Structures are given as C-alpha cells and as structure tokens.
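A look at the structure
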Amino acid sequence: QVQLVESGGGLVQAGGSLSLSCAASGRTFSWYAMGWIRQAPGKEREIVAGIGWSGGDTNYADSVKGRFTISRDNAKKMVYLQMNSLKPEDSAIYYCAASARSWEYIAPARVADFGSWGQGTQVTVSS
C-alpha cells in the first residue's frame, strides 16, 4: 500500500504556471506507475498525466500535451506535475494516484485502475 500527499495547488492567472508535488510513503513506491488525475465540479475524473514505474514512459491527456510535464524521483519517493500556460478550464482538484498493479511501464489509462489516492489539491486558474 502506498500513502500519498499532494501539495502545491493554489490560485494562478491564466497563462501562469504551478508545480504540484506528491510525497509517497511506503517501501514499494518505486514499484508502481503513477498518475495525476483531476476532477472539476460536475465532471468525471480525468487522467491528465501518467508515468511508468521506472519513469521512462509518460503519457498525457490531449488537453494538456505540451503544457504539463510529469516526473518522478523514486529515491525521494516523489511525483511532480509541472503545469505551464494554465487555462481556466484546468481548474480542478488534482489527485496523485498509484496504479493498483505493480511493475507497469505505462500508467493505467482508466481511472478505475488506480488503487491508492491522495487527498487532492485545489488548482484554480482565473481568466
């Protein structure tokens, strides 16, 4: 089991940047692909970025490609999401999550395949 705590959310103007961090605890963090998932009011949860257990493979939602970058540091048990050129439609609660299965080179493509979740951090982008 992996415990996750997000930080770094806040209020930013459109066009600005924010960096989210996710601190993990548990010896087996490095075994798991990780993802950042967001949920806006009245909308379904959306996977915005994923990274495999080794950090070698990443994937992004079309809506954030070229603007967001996911990375991880297994030695520090951290996952990051750098968000640039933010838009009001990026406003949401952002969750860090770990895959329910270990040793995946590519993060899950379905929200239901993530097994451990953080409490979320609010990102608000003003126009």
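Check the entry above for the structure.
One structure accompanies this document, and this report is about it.

One pass over the full model with this rule turns up 6 salt bridges. Among the ionic pairs, K65 bridges to D62, the shortest N-O distance being 3.2 Å. In this structure, the salt-bridge partner of D90 is R67, at a minimum N-O distance of 2.7 Å. Residue D90 is found in the loop between β8 (78-83) and β9 (92-102), and its partner R67 is found in the loop between β6 (58-60) and β7 (68-73); the two are separated by 23 residues along the sequence.

Once that is clear, we can look at the state of the cysteines. Here is the idea: a disulfide is a covalent bond, and it sits between the sulfur atoms of two cysteines. The tally for this structure, following the rule as stated, stands at 1 disulfide. Residue C22 pairs covalently with C96 via a disulfide, S to S 2.1 Å. Handedness of the C22-C96 disulfide follows from its S-S torsion of about -80°: it is left-handed. One end of the pair, C22, is in strand β3 (residues 18-25); the other, C96, is in strand β9, with 74 residues separating them in the sequence. Given a relative accessible area of 0%, C96 falls into the buried group.

Following the sequence through the fold, E89 ends up in the loop between β8 and β9. Taking relative accessible area as the criterion, E89 reaches 54% and is therefore assigned exposed. Separated by 37 residues in sequence, E89 and S126 have C-alpha atoms that sit 9.3 Å apart.

A few words on the packing of aromatic side chains. One pass over the structure, following the stated rule, counts 5 aromatic pairs. Measuring from ring centre to ring centre gives 5.8 Å for W53 and Y105, while their planes differ by 55°; the resulting arrangement is tilted. Placement of W53 in the loop between β5 (46-51) and β6 and of Y105 in the loop between β9 and β10 (114-117) is noted, with a sequence separation of 52 residues between them. Each residue in the set W31, W53, W103 and Y105 is aromatic and connected to the rest through ring pairs, giving one cluster.

Analysis parameters
- Residues numbered from 1 in each chain as written.
- Predicted model: local features only at pLDDT ≥ 70, side-chain atom pairs only at ≥ 80, totals over all residues.
- Heavy atoms only, no water.
- Salt bridge = Lys/Arg side-chain N within 4 Å of Asp/Glu carboxyl O.
- Helix = DSSP H or I, 4+ residues; strand = E, 2+ residues; numbered from the N terminus.
- Disulfide = S-S within 2.5 Å.
- Buried < 20%, exposed > 50% of the residue type's maximum accessible area, 1.4 Å probe, protein only.
- Phe/Tyr/Trp six-rings, centres within 6.5 Å; stacked < 30°, edge-to-face > 60°.

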